[in-house]
Amino acid sequence: MDLHEECGVFGAFSTEEVDLASMAYYGLYALQHRGQESCGIVVNEKGIFHSHKDIGLVSEVFSKENLRRFPKGNIVVGHVRYGTTGANTRSNCQPIEVNHQKGKLALAHNGNLSNALELRDELELSGAIFQSTSDTETIAYIITRERIRSSSIEEAVSRAMYRLEGAYSLVMMSPQKLIAVRDPRGFRPLCYGQMADGTYVVASESCALQAVGAEFVRDIQPGEIVIFSMNGVRSITEHCNLEKKTTCIFEYIYFARPDSVIDGKCVHSSRYKVGQILAERFPVDADVVIGVPDSGLDAALGYADRSGIRYEIGLIKNKYIGRTFISPGQDTRFNQVKIKLSPIKSVLEGKRVVLIDDSIVRGTTSRRLVKLLREAGAKEIHMRISAPPFLHPCYYGTDIDSEENLIAHNHSIEEIKEIIGVDSLGYLPMGELPQLVDSDEICTACFSGDYPTKVPTDLRKNRFEGKIKIE
């Protein structure tokens, strides 16, 4: 598995001044799987914004001491980042803060604009000066410009949405309001809940609501703007039902936590169903079924259940190794797969193994993983993948590489089987994807090449890096 997650957003609104920084910390901790490059929290204390942002995991960036420095407030926004546009620098940490003629704005974004380059060029030609290289600052600029000629922040957001294309789930705050926005196609998840004391909580996934003790209320609908203020909760739906819903199917296969529910569908159940389908479509005589931690485990259970082959824990994940792990050099004697995953020899030795993983991107990690199982004594390895082959890049917030680096774009399944060294290989068929969520309202562009929006003209992740000096 070579994929990276994208981002996670969090926000809360209280009618009282309370310790919202600690709440955001726990909420972001629950969303850490969505982004491990950087994180940030901004607290609103009577219109004054207090923030702390840096590169690193939530537990690294926020200590007890700097959490105590946050004052009590009634609004907070937070963010965990894996950047699909812009380098991993402190200037790209979110939430982004803006001071403008009508007040302040703090914005956290999950997704990726497909027209970011055109919008940024337009803004720069009109005199805008950018401080970061992420497309989130472009969104903030568009909203701010609309705010200057709008009567409210929510009106500005609604007007800005007519300019934005692609994936964006946003949580933002003005001096008096918390606003949650989901793009009209609903690429990325967003939901909200309420705590016993009346505090409203918004998050990318329902698991973050559970983490802070909030009861799930509902998903925010594609195209919807939800405003939380002293006057209660209000919704603007003028952008709803303008486009066909195309939620990223990989949220269910890989990104989201298994205990989350997205648009009414349990992520664990979707992955379990994948395993059952794989067992039906690609049966094999084997002794044991194992999953690659963590996103392959639920599908492995489903495969074992439908096939009748015993499920075992065959790989142990080192939970202290995140995507921030930095190799100290280029010495190939050190296999990073061995550092992250350890095989249980007693489970694998002499056994015919069904190995369930969520995807194969470049093939390098899969090849190393198979070698690891062979070294542990596996007699046969039959690999089953919870997704169809990746044939095309993603422009909506998933870090799927260009076509020339995707192994399935350049090789047949039989060739991939030989390259990674397995005895058999089976991918989830494209036609089965709607079964996972009981709906065809999904984005499958990375598998099919059928993009729901216009494809960007410049496809580089760091396409804005040459425009400003990064310190």
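Residues numbered from 1 in each chain as written. Predicted model: local features only at pLDDT ≥ 70, side-chain atom pairs only at ≥ 80, totals over all residues. Heavy atoms only, no water.

Engineer: Explain the overall build of the protein chain to me, please; I cannot follow it from the model alone.
Structural biologist: In terms of regular secondary structure, the protein chain is built from 17 helices and 23 strands. Taking 471 residues into account, the globule formula puts the C-alpha radius of gyration at 23 Å, and the protein chain, at 22 Å, falls close to it. Overall size of the protein chain, expressed as C-alpha extent along the three principal axes, is 70 × 45 × 45 Å. Sorting the 471 residues of the protein chain into buried and exposed places 59% on the buried side. The long-range fraction of contacts in the protein chain, counting pairs at least 24 apart against all pairs at least 6 apart in sequence, stands at 70%. Charged side chains of the protein chain number 55 positive and 62 negative; the gap between the two group centres comes to 3 Å. (Helix = DSSP H or I, 4+ residues; strand = E, 2+ residues; numbered from the N terminus. Rg over C-alpha atoms; globule rule 2.2 N^0.38 Å. Buried < 20%, exposed > 50% of the residue type's maximum accessible area, 1.4 Å probe, protein only. Contact = heavy atoms within 4.5 Å. Lys, Arg positive; Asp, Glu negative; His and termini not counted. Charge placed at Lys NZ, Arg CZ, Asp CG, Glu CD.)

Engineer: Is there a simple way to think about the sheet that holds strand β11 (residues 215–219) in this case?
Structural biologist: Through backbone hydrogen bonds, the strands of a sheet pair up, either in parallel or in antiparallel fashion. Taken in spatial order, the seven strands of this open sheet run β3-β2-β4-β1-β10-β9-β11, and their pairing is antiparallel. The open sheet has two edge strands, β3 (48–55) and β11, and neither has a second partner. Strand-to-strand twist of the sheet, defined as the mean angle between neighbouring strand axes without regard to direction, takes the value 15°. Where strand β1 (residues 7–18) lies against strand β10 (residues 200–203), four bridges are found, and the strand directions are antiparallel. Residue pairing in the sheet places F13 in a bridge with Y200 of β10. (Pairing = 2+ DSSP bridges. Axes fitted to C-alpha atoms, helices over the stretch in contact; angles between N-to-C directions.)

Engineer: So what exactly am I meant to see when it comes to the confidence of the model for the protein chain here?
Structural biologist: Regions with low pLDDT carry predicted coordinates that are not meant to be interpreted in detail. Mean pLDDT over the protein chain stands at 91; residues scoring 70 or higher make up 91%. Note that residues 323–334 has pLDDT below 50 and, in this model, 10 contacts with residues that lie over four places away or in other chains. Low pLDDT (under 50) marks residues 463–471, which in the prediction has 26 contacts with non-local residues, meaning those over four places away or in another chain. (pLDDT = per-residue confidence, 0-100.)

Engineer: I keep staring at the packing of helix α4 (residues 116–125) against helix α5 (residues 135–148) and nothing clicks. Help me out?
Structural biologist: In helix packing, the relevant descriptors are the interaxial angle and the interaxial distance, both defined with respect to the helix axes. The N-to-C vectors of α4 and α5 enclose an angle of 55°; their axes lie 10 Å apart at closest approach. Taken as axis vectors, α4 and α5 run oblique relative to one another. Here the hand of the crossing between α4 and α5 comes out left-handed. Here A116, L119, R120 and L123 of α4 lie close against α5, whose contacting residues are D135, T138, Y141, I142 and R145. (Parallel < 35°, antiparallel > 145°, perpendicular 65-115°, else oblique. Left-handed = near helix turned anticlockwise from the far one by under 90°.)

Engineer: What should I look at first to understand empty space enclosed by the protein in this one?
Structural biologist: Rolling a probe over the atoms, with the probe sized like a water molecule, indicates the empty space that remains. Applying the stated rule across the entire model yields two cavities of 30 Å³ or more. Roughly 100 Å³ of internal volume is contained in the largest cavity. The wall of the largest cavity is formed by 15 residues, among which C248, C394, T398, C443 and C446 lie closest to the centre. Breaking the lining of the largest cavity down by element, the ones donating at least two residues are α8 (250–255) and α17 (445–448). Tallied by class, residues from the lining of the largest cavity come to 13 nonpolar, one polar and one charged. (1 Å grid on protein atoms, 1.4 Å probe; cavity = no way out; pocket = protein on both sides within 12 Å on 5 of 7 lines; lining within 4 Å. Points joined across faces, edges and corners; volume = space filled by probe spheres on them. Nonpolar A, V, L, I, M, F, W, Y, C, P; charged D, E, K, R; others polar.)

Engineer: Where do I start with the pattern of salt bridges in this structure?
Structural biologist: Side chains bearing opposite charge may pair, as long as their charged atoms lie close to each other. Per the stated rule, a full pass over the model turns up 28 salt bridges. In this structure, R120 engages E124 in a salt bridge whose closest nitrogen and oxygen atoms are separated by 3.4 Å. Of the two residues, R120 and E124 both sit in helix α4, four residues apart, roughly one turn of that helix. Here R281 makes a salt bridge to E432, at a shortest N to O gap of 2.6 Å. Residue R281 is found in helix α9 (residues 267–281), and its partner E432 is found in the loop between β22 (424–427) and α16 (433–437); the two are separated by 151 residues along the sequence. Ionic contacts of the salt-bridge type, sharing partners, join the residues R34, R188, E205 and E251 into one network. (Salt bridge = Lys/Arg side-chain N within 4 Å of Asp/Glu carboxyl O.)

Engineer: Before we go on, may I ask you to explain the packing of aromatic side chains in this structure?
Structural biologist: Aromatic rings in a pair are described by how distant their centres are and how their planes are angled relative to each other. By the definition in use, this model includes 13 aromatic pairs. Here Y25 and Y26 contribute two aromatic rings whose centre-to-centre distance is 5.4 Å and whose plane-to-plane angle is 80°, an arrangement assigned as edge-to-face. For Y26, a relative accessible area of 51% puts it in the exposed group. Of note, K104 hangs over the ring of F49, and the distance from its end group to the ring centre comes to 5.9 Å. (Phe/Tyr/Trp six-rings, centres within 6.5 Å; stacked < 30°, edge-to-face > 60°. Lys NZ or Arg CZ within 6 Å of the ring centre and 35° of its normal.)

Engineer: When you look at the pairing of strand β9 (residues 191–194) in this model, what are you seeing that I'm missing?
Structural biologist: One face of the sheet, then the other: side chains in a regular strand alternate in exactly this way. Two elements, β9 and β11, share four bridges in a ladder whose sense is antiparallel. When the sheet's bridge partners are listed, G193 is paired in β11 with F216. Of the strand pairs in this sheet, β9 and β10 are connected by four bridges, and their pairing is antiparallel. Its bridge partner lying in β10, Y192 is registered against V202.

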